[in-house]
Amino acid sequence: MPGLLLGDVFPDFEADSTVGRISLHAFLGNSWGILFSHPRDYTPVCTTELGRAAKLSAEFSKRDVKMIALSLDSVEDHLGWSKDILAYNNDSSCNALPFPIIADNKRELAVKLGMLDPDERDKDGMPLTARCVFVIGPDKRLKLSILYPATTGRNFDELLRVIDSLQLTAQKRVATPVDWKPGDNVMVVPNLSDDEAASLFPSGVTTKDLPSGKKYLRYTPQP
Ligand code: BEZ
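In this text the structure is predicted, and so the values were computed from the model without any measurement.

Peer 1: Explanation requested: the site of the ligand in the structure shown.
Peer 2: In the vicinity of the ligand, the contacting residues are Pro-39, Thr-43, Pro-44, Val-45, Cys-46, Glu-120, Arg-131 and Ala-150. The contact in question runs from an oxygen atom of the ligand to an N or O atom on the side chain of Thr-43, over 3.0 Å. Contacts to the ligand include Arg-131, whose side-chain N or O atom sits 3.0 Å from an oxygen atom. Within the complex, 84% of the 260 Å² of free accessible area of the ligand lies under protein. Sort the elements by how many residues they give to the shell around the ligand and helix H2 (residues 44–55) lands first, with 3 residues. When grouped by side-chain class, the residues that make up the shell around the ligand number 5 nonpolar, 1 polar and 2 charged.

Peer 1: Honestly, the packing of aromatic side chains in this entry has me stumped. Any pointers?
Peer 2: Geometry of an aromatic ring pair is reported as the spacing of the ring centres plus the angle between the planes. According to the stated counting rule, one finds 3 aromatic pairs in the structure shown. Look at Phe-36 and Phe-99: their rings are 5.6 Å apart centre to centre, the planes differ by 75°, and that puts the pair in the edge-to-face class. Of this pair, Phe-36 sits in strand S3 (residues 32–38) while Phe-99 sits in the loop between helix H4 (75–88) and strand S5 (101–103), placing them 63 residues apart in sequence. On the accessibility criterion, Phe-36 (0% relative accessible area) is buried. According to the relative accessible area criterion, Phe-99 is buried, its value standing at 4%. Members of the aromatic cluster, connected to one another through ring pairs, are Phe-36, Phe-99 and Phe-156. In this arrangement the basic side chain of Lys-66 is found over the ring face of Phe-27, its NZ or CZ atom lying 5.8 Å from the centre.

Cut-offs applied
Residues numbered from 1 in each chain as written. Predicted model: local features only at pLDDT ≥ 70, side-chain atom pairs only at ≥ 80, totals over all residues. Heavy atoms only, no water. Near = heavy atom within 4 Å. Polar contact = N/O pair within 3.5 Å; in protein donor to acceptor, adjacent residues only side chain to side chain. Areas by Shrake-Rupley, 256 points an atom, 1.4 Å probe, with all protein chains shown as cover. Helix = DSSP H or I, 4+ residues; strand = E, 2+ residues; numbered from the N terminus. Nonpolar A, V, L, I, M, F, W, Y, C, P; charged D, E, K, R; others polar. Phe/Tyr/Trp six-rings, centres within 6.5 Å; stacked < 30°, edge-to-face > 60°. Buried < 20%, exposed > 50% of the residue type's maximum accessible area, 1.4 Å probe, protein only. Lys NZ or Arg CZ within 6 Å of the ring centre and 35° of its normal.

This is how it looks when you write it as structure tokens:
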């Protein structure tokens, strides 16, 4: 089965989670969403990732992004593990993570969404989920997917950075260059003429001279 492609409507599904039965599309409403999967509960890298995700949850909310995690264990395991994650964060201010964790103990979603990592298996030889990230737009379409093996933890600051880029480029006809951060200059997209760029970006467009003589490196302040 081919995997999900950028621009595809992200499949809706119902699943049990730490906040009860969830239907993905209803949970997302008109917001953006980020779904991130984990190989198993009570594993070290996943614990550090979910701890960081919890610490950054206000940043995701500020961007109107609903967070939702998935791991291959039961709701009961997720609830017990959540306490460890909060303790890892030294957070005694609450007793629940600020986002749900989906229980995929039958691996149904992991299979449906192409999340299994064939190289990582549990003690019974069953494949574990990779560290997938899906960013879903308010139109429920897939805007970004990243796939890491179980042995490499993600960088949640980078996920916020790409969400900033996705949200900016969804509104403005710009693209963000290498290592871009909010507030840095952005690039004018190649399919805009110089005249269109001049009228769309009144703060100015700067073009870098290149040996080819082609005028494609066009910068403008972040609109
Ligand atoms: C972890 O989260 O630490 C982990 C899980 C599965 C394989 C390797 C590492």
